[in-house]
Amino acid sequence: MSYSHFPYPDTTQFPFAEPEYDPIAIRELNEAGILGYGPNNMYSKPWYNHEEQRQEYYRNVPEAYYPQKDPAKRGLVTPYQKKSAVSNVPPEIWMEIIKSSGPTPVGAPVPLSQVTGGLRGMALSMQERYTTLLIEPIGPKRKLPDRQQVREWVQKSGNRPLTIIFVVDCVDWKAPSGLLDIMKELMCCLSRWENVTLYVPWTHGMAELLNRGDGPPTMLRCLKLEGQTTYQSLTPFVSALVRYASSITDFHWADMFGQESHNGSGFTTGLPMNFGNLSKLHLDNPLVLPDAFSILSQTQRLVSLEINNLSIVETAPRTVPSIRISLPMLASMKLVIHFEMFEAQSKVSLVGPLLSYLITPSLRHAHFGFDENWNQSAFASFLRNSNCQLQSLVFDTVSITETDLKDTMRSPMLQSSLQSLTIKTGEQPWSPLSEKVVERMSPPAKPSTLSANYHIPWLRKLCVNLFTIQQFNGQFAEMVKRRAASGILKEVEIVGTADRSRFLKRMPRDIEAIEKLGPTMNLKVTILTK
């Protein structure tokens, strides 16, 4: 039996989605009027016998019946006749998921490549997946990828800039086997290096490899050195690399050994880089004042500065710049004194002389640490000369007195801008945050136009030591309560080195009161103890 007109198939009654039949072909039969109900001719047009007709139909079918196959035209519309939940997700979304899954070590399976064949082809064909070369020992034998795997990744990356990261999870002085072959392969794309993380002890004896590069590393923007932070540990390979890379904007020398290095000069001679392009400088190595002045005088574009080992050679002559150093773009600065000098209770001031010659009008975040000889007059002069509006200020184990803290809070550069204040005294049995200072930080109980102004009224976060809290008997909690009631103070953090179990047994009265304020006044209270 046949009909001249047959309605569109009802998928709730007939298995049109079976893989051996094609719904498009059935629709063609409906339009032609030759599809019948008989058992021998019902759905009797398998798709594999009419491939040419199917392709012609796909080209001529209206968009209402079959969506565009081109992602640029169809947007996020799912292709026709997809069955599984995985297949219903548009490929654009899968591509974003693959990109956000993070870098994959060279030689390891790509994420989502073992789910379906379609995702495997999509993941393996994305050039973005191969622009980050994570050189990491994998497997139970902790072997590095072979040279052929590195070559394949470099080739699949096309001509895109590369990010190369050597991952070291332990202190290892000896380079693993196969590293030299990997470096030889990476030299073939030296001109495409953009972000590089090197483990310095592994680069011994590799200086001549730079001559095999396809060109100078002119695209290198970010360089991070890991290992021991002594100038004697620098290898000729590292020195030559920073000399040829003239466009480095982010330099980081990190200490992976956790040991304080001996004092000494030689930063500018061991690392002869172009400091004029630097926007970020993070140093864990010991840096003496003459080298610090020499570097900062060349970094006019510096935005972030972090010196974690500011040191001095007491036998060397004191050299200071002839004029003040202006850093017009510097927004974040961290200056920490060498720990050995702090333990020896040296009488030499380091932060003061450095601040006396700096002008930073754009400074917003300042951090000072382990300064046993805090120079308040130099800091106050620095704030006046820079005319900066600090938003965050950290004193970490700094010998600042009660009077110094009062002068700092009264400064016009902080009174209307400071939003975060941290005062940590370590294990020292003293704190500049006294009862008088807390009293001047407390808003009046009944605000009025005749009330005296209180210190730093726009403070949103306050971090203090456990010892600081223990010396109060409700005054600190009352100050926090009044500030939180105004809706400006949002976070209070209390840090200490006491054992937490013992601390909870004799919890200070102020901490109990502050913890109760959290739920009622939308105040975040954090207590950090060992």
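Residues numbered from 1 in each chain as written. Predicted model: local features only at pLDDT ≥ 70, side-chain atom pairs only at ≥ 80, totals over all residues. Heavy atoms only, no water.

Colleague: I'd like to hear about the packing of helix α19 (residues 475–485) against helix α21 (residues 509–521), residue by residue, with values.
Modeller: Angle between the axes and distance between the axes: these two values describe a pair of packed helices. Running from N to C, α19 and α21 point in directions that differ by 15°, and their axes come no closer than 8 Å. In terms of orientation, α19 lies roughly parallel with respect to α21. Crossing angle aside, the handedness with which α19 passes α21 is right-handed. Seen from α19, the contacting residues are Gln475, Phe476, Ala477, Val480, Lys481, Ala484 and Ala485; seen from α21, they are Asp510, Ala513, Ile514, Leu517 and Met521. (Axes fitted to C-alpha atoms, helices over the stretch in contact; angles between N-to-C directions. Helix = DSSP H or I, 4+ residues; strand = E, 2+ residues; numbered from the N terminus. Parallel < 35°, antiparallel > 145°, perpendicular 65-115°, else oblique. Left-handed = near helix turned anticlockwise from the far one by under 90°. Contact = heavy atoms within 4.5 Å.)

Colleague: Give a detailed account of helix α7 (residues 147–156), specifying residues and quantitative values.
Modeller: Listing the buried residues of α7 in full gives Val150, Trp153 and Val154. Buried residues of α7, seen end-on, are gathered within an arc of 100° and therefore sit on one face of the element. Buried-residue contacts for α7 involve β1 (132–135) and α8 (179–186). Immediately beyond the C-terminal end of α7, within one or two residues, lies Gly158, with a positive phi of roughly 70°. (Buried < 20%, exposed > 50% of the residue type's maximum accessible area, 1.4 Å probe, protein only. Arc of directions from axis to C-beta.)

Colleague: Break down the pairing of strand β2 (residues 162–166) for me, citing the residues and quoting the values.
Modeller: On any regular strand, side chains alternate: one points to one face of the sheet, the next to the other face. Counting buried positions over the 5 residues of β2 gives 4, a clear majority of the element. Where β1 meets β2, 4 bridges bridge the pair, whose relative direction is parallel. Within β2, the position partnered with Leu134 by the bridge is Ile165. (Pairing = 2+ DSSP bridges.)

Colleague: Break down the nonpolar core for me, with residues and values.
Modeller: In terms of nonpolar packing, the biggest core is built from 111 residues, with Phe251, Phe368 and Phe476 touching the most fellow members. Not counting chain neighbours up to four residues away, the residues in contact with Phe476 comprise Leu433, Val438, Leu462, Val464, Ile469, Asp510 and Ile514. (Core = buried A, V, L, I, M, F, W, Y, C linked by side-chain atoms within 4.5 Å.)

Colleague: Which residues make up helix α14 (residues 376–386), and what values do they have?
Modeller: Listed in full, the buried residues belonging to α14 are Gln376, Ala378, Phe379, Phe382, Leu383 and Ser386. Considered in projection along α14, the buried side chains sweep an arc of 165° and stay on one side of the axis. Residues Ser377 and Arg384 are exposed on α14 and point more than 90 degrees away from its buried face. One or two residues past the end of α14 sits Asn387, with phi positive at roughly 55°.

Colleague: Summarise the environment of Thr401; cite the residues concerned and give the values.
Modeller: Residue position: Thr401 is located in the loop between β13 (392–396) and α15 (402–410). The class of Thr401 is partly exposed, set by a relative accessible area of 40%. When the C-alpha positions of Thr401 and Ser434 are compared, they lie 9.6 Å apart, and in sequence the two are 33 residues distant.

Colleague: With reference to specific residues and values, describe the side chain of Arg192.
Modeller: Within the secondary structure, Arg192 sits in the loop between α8 and β3 (193–199). Buried Arg192, no salt bridge; nearest opposite-charge side chain is Asp214, N-O distance 5.7 Å. For Arg192, the side chain forms a polar contact with the main-chain oxygen of Val154, separated by 3.5 Å. (Lys, Arg positive; Asp, Glu negative; His and termini not counted. Salt bridge = Lys/Arg side-chain N within 4 Å of Asp/Glu carboxyl O. Polar contact = N/O pair within 3.5 Å; in protein donor to acceptor, adjacent residues only side chain to side chain.)

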